[in-house]
Amino acid sequence: MTNTDVLLRSFEERYGRKTERVYFAPGRVNMIGEHTDYNGGRVFPCALSFGTSLAVAANDSGLLRFASLNMPETRETGIGDQWHPIEGKSWVNYALGAIAQAAKKGVRPAQGYDLLYSGDVPIGAGLSSSAALEVVTAFAFNELCGSGFCRTEIAQMAQAAEHEYAGVQCGIMDQFASAQGRQGHAMYLDCSTLDCEWVPLDLTGMQIVLANTRSPHKLSSGVYNERVAQCRQAVEDIRKAFDIQHLAELTAEQFAEAEKLISDETVRRRARHVVSEAERTKQAVEALKAGNIGLFGRLMNASHASLRDDYEVTGRELDAMAEAAWAEEGVAGSRMTGGGFGGCTVSIVREDAVEEFKKNVGAAYKKRTGLTAEFYVAQAGDGVRRLM
Ligand code: GLA
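This text gives an overview of the structure that appears in the document. (Residues numbered from 1 in each chain as written. Predicted model: local features only at pLDDT ≥ 70, side-chain atom pairs only at ≥ 80, totals over all residues. Heavy atoms only, no water.)

Description of the pattern of salt bridges
Basically, it comes down to this: Salt bridges are defined by distance alone: a side-chain nitrogen of Lys or Arg within 4 Å of a carboxyl oxygen of Asp or Glu.
Scanning the model with the defined rule gives 26 salt bridges in all. Via salt bridges that share partners, Glu265, Arg269, Arg270 and Glu312 belong to a single interconnected network.

Here you go:
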C-alpha cells in the first residue's frame, strides 16, 4: 500500500467519509547559503521527494477538524472563530497559522473541512517538516477558497505563520523551496527580491546523500532568534558608515572595513559568516553551472567550517558527521544543512561510493557519538501540488 492509500483509508476510518482531495508539499535540503536568507542573501535549496500530504473533505458542521497520522493531538475550531496560536508546542499551530494568514487577507473558508495530515519528512532532521505542513495547508486552502494567491504569496503566508504561530523569526527559504521546487533543479533565490533562478542540479555521476545525526535538531526558537538579532545588531553598527539594509549586501572587501564598526566580538563573527557565505554561495552556483563539482564541494566544506567557527550553529554531532564524510573517498563535499544544532548533513557522493559512504560514515559517527545515523539518497523534487 502506498502512503496515499494509507492516508485515504485512515481518513475514512476517522471521519466516516471519503477524502475529496489530497495535496502534497515537500521538505527541502539547502545545498549552500545557510543563515543568509534573513540577511537579504542568496540561498540554494532544492525541494525533496518526501514531505507532508493532506487529505481533505468538506463537512457541514462549520468546523475545521485537524488530525495527523504522525501526532496524537487533534483539534477543532469554528470557521468564524478568532484564531490564536495554541499555547505550548502544538503541531496544529503550523496549519492553523497558515489558514489564519489567509483570513488576515480577507479569505476565510465558507464551510468546515475535515483534515488529515501525514508526513514522511523525519521530524527534527532540519529538512523543513514544519514548512511542508504550512505550505500544504496554505496551498490547499488557497484552492478550496478560490483565493488565487500565487506560489510566492503562499510561501510568504507560510513564513508569516512560522513567525506568528511558532515564534521563529525565520527567513523565506524553507517555505519558498517547498512552494516553488522543480524536479531536478535547485533554486538560486535572492531573498531580498525573491528573484529565483532554477538551476539544473547536474551532478554528473554523483548523488546527494543526507545523513541524519538523529540528534534532534535543537535549534530552539530562542537560539535562532538570537542569531537573527545579532545580525540586526551588526547592520545597525555598520550603518554608521555604510548605507546598507542587509548584511549580505557587503562584499568581502567592504566587510574588511565595516567590521571595525561592530563593537561586539561575537556579533562580528556572526556577520563575517554571513558575508563569507554569501560569496561562497555565488561561487558555488557558478561552479555548478561550469560543471566543476569539485569546487562546489570544497565550498560546501568551507561553509560548514564557517557555520561551526563563526556562526556556532553546528554542534558536536553535525561536526562528527561532516568530518567523517570529509575523510571518505568519493565525497566532493559535506556540510550541515538547515538551521543547525542537530538535524542532517548534506554530502555529494560518487554514485558507486554511496554504499561505502553509508557504512564508513555510519561507523565513524557511531564511534564518536554513540548514535546510529540514518541515510537517505535525495532527489530534487517538485513543489507543492494537488495529488488527487
Ligand atoms: C531554518 C530557517 C530558514 C533558514 C535556515 C538557515 O531552516 O527556517 O529560514 O534561515 O534555518 O539557513
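Some remarks on unusual backbone geometry
The criterion, for reference: Secondary structure elements follow DSSP: runs of H or I no shorter than four residues count as helices, runs of E no shorter than two count as strands, and numbering proceeds from the N terminus. Buried residues are those whose accessible area, probed at 1.4 Å on protein chains only, stays under 20% of the maximum for their type, while exposed residues exceed 50% and partly exposed ones sit between those limits.
The phi angle at His35 is positive, at roughly 60°, despite the residue not being glycine. If you trace the backbone, His35 turns up in the loop between β1 (21-30) and β2 (42-43). According to the relative accessible area criterion, His35 is buried, its value standing at 4%. At Phe341, a position not held by glycine, the phi torsion is positive, near 50°. Mapped onto the secondary structure, Phe341 falls in the loop between β10 (331-336) and β11 (344-350).

Examining helix α5 (residues 173-180)
Most of α5 is tucked away, with seven of its eight residues classed as buried. The complete set of buried residues in α5 reads Met173, Gln175, Phe176, Ala177, Ser178, Ala179 and Gln180.

So, the packing of aromatic side chains
Put simply, the rule is: Stacked, tilted and edge-to-face pairs are distinguished by plane angle, under 30 degrees for stacked and over 60 for edge-to-face with tilted covering the rest, among Phe, Tyr and Trp rings (Trp via its six-membered ring) whose centres lie within 6.5 Å.
Counting across every chain of the model gives nine aromatic pairs. Relative to Tyr15, the ring of Phe11 has its centre 4.8 Å away and its plane inclined at 55°; by these criteria the two rings are tilted. Of this pair, Phe11 and Tyr15 both sit in helix α1 (residues 3-15), separated by four residues, roughly a single helical turn. The pair Phe11 / Tyr15 is uniform in exposure class, with both members buried. With a centroid separation of 6.1 Å and an interplanar angle of 85°, the aromatic rings of Phe44 and Tyr188 are classed as edge-to-face. Pair noted here: Phe44 is in the loop between β2 and β3 (45-59) and Tyr188 is in strand β7 (residues 185-190), with a separation of 144 residues, a long-range link. Neither Phe44 nor Tyr188 differs from the other in exposure class; each is buried.

Quick look at the site of the ligand
Quick note on the threshold: One heavy atom suffices: a residue is near a molecule or strand as soon as one of its heavy atoms comes within 4 Å of it. Each polar contact in these results corresponds to two N or O atoms within 3.5 Å; when the atoms are within protein, one needs to be able to donate a hydrogen and the other to accept it, and residues that are neighboring in sequence are counted only if both atoms are side-chain atoms. Here the accessible surface of atoms and residues is derived via Shrake-Rupley with a 1.4 Å probe, and residues count as covered only by protein chains that are part of the display.
Close to the ligand lie Arg28, Glu34, His35, Asp37, Tyr38, Cys170, Gly171, Met173, Asp174, Tyr224, Gly338 and Gly339, which account for all nearby residues. Arg28 places a polar side-chain atom, nitrogen or oxygen, 3.0 Å from an oxygen atom of the ligand. Separating an oxygen atom of the ligand from a side-chain N or O atom of Asp37 is a distance of 2.5 Å. For the ligand, the protein covers 93% of the area, taking 300 Å² as the surface of the free molecule.

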